[in-house]
Amino acid sequence: NDAFVMRKWGLDQGLEEEKEDGSNPFNPGNFKKVKLIPDGACLFTRGMGMSCLWEKERGFGERSWRYSMVVADGKIEKLFVEGGGVVQESGPDPFEVSDGETMLKYLQSKK
């Protein structure tokens, strides 16, 4: 999502906004305890190999395929990818393994 969507999401989650950050006062994603990182131009998405198009089905341009991951010490520890991989022009919008519950179960299993 772009920086404006990420800011709204952060506010909706109750995150406390950092309004005094002098490093980048025009960045609407600054929060006191969490840094939300937007990807409006899909640069990270492309780097992850998760870029897809949903133009025909939904009228979207380039988007990120749904996935969630655990990154530890800069390395991907676990990756949950919907449908087992990126699907171009997907009819369905799968949401079975990239959800919060799946991630929580994984993290709890590591204890």
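Here the structure is a predicted model, which means the values were calculated and not measured.

Before we go on, may I ask you to explain the side chain of serine 98 in this structure?
Residue position: serine 98 is located in the loop between strand E4 (75-81) and helix H4 (100-109). Its relative accessible area of 13% is what places serine 98 among the buried residues. Setting aside residues no more than four positions away along its own chain, serine 98 makes contact with Arg66, Tyr67, Ser68, Phe80 and Glu82.

Please clarify how the pairing of strand E3 (residues 67-72) should be interpreted in this entry.
Along any regular strand, the residues point their side chains to alternate faces of the sheet. Here six bridges tie E3 to E4, and the two strands are oriented antiparallel to one another. Pairing of alanine 72 across the sheet is with lysine 75, part of E4. Between E3 and E4, which pair antiparallel in sequence order, lie two residues; one of them, aspartate 73, sits at a positive phi of approximately 55°.

Looking at this structure, I do not really get the packing of aromatic side chains. What am I missing?
Where two aromatic rings form a pair, the distance of their centres and the angle of their planes describe that pair. One pass over the structure, following the stated rule, counts three aromatic pairs. Between phenylalanine 80 and tyrosine 106, the ring centres sit 5.8 Å apart and the planes meet at 75°, which makes this aromatic pair edge-to-face. Taken together, the residues span a long stretch of sequence, with phenylalanine 80 in strand E4 and tyrosine 106 in helix H4 at a distance of 26 residues. Tyrosine 106 shares its class with phenylalanine 80; the two are buried. Taken together, Trp54, Phe60 and Trp65 form an aromatic cluster joined through their ring pairs. Above the face of the tryptophan 54 ring, arginine 58 is positioned so that its terminal group lies 4.4 Å from the ring centre. Across from the ring centre of phenylalanine 60, 4.6 Å away, lies the NZ or CZ of arginine 63, which sits over that ring.

Criteria and cut-off values
Within each chain, residues carry numbers counting from 1 in the order of the written sequence. This being a predicted model, a pLDDT of at least 70 is required before a residue's local features are given, and a value of 80 or more before pairs of side-chain atoms are given or counted; all residues contribute to the totals for chains, interfaces and linings. Water and hydrogen atoms play no part in the side-chain values, which are based on all heavy atoms of the structure. The secondary structure listing takes helices from DSSP runs of H or I that are at least 4 residues long and strands from runs of E that are at least 2 residues long, numbered from the N terminus. The classification of residues rests on relative accessible area computed with a 1.4 Å probe and restricted to protein chains. Under 20% of the type maximum is buried, over 50% is exposed, and intermediate values are partly exposed. Residues count as neighbours in contact if any of their non-hydrogen atoms are within 4.5 Å of one another. Any two strands with at least two DSSP bridges between them are considered paired. Paired rings are identified among Phe, Tyr and Trp, the last through its six-membered ring, by centres lying within 6.5 Å, and are further divided according to the angle between planes into stacked (under 30 degrees), edge-to-face (over 60) and tilted (the rest). In this scheme, Lys NZ or Arg CZ marks a charge over a ring once it lies within 6 Å of the ring centre and within 35 degrees of the ring normal.

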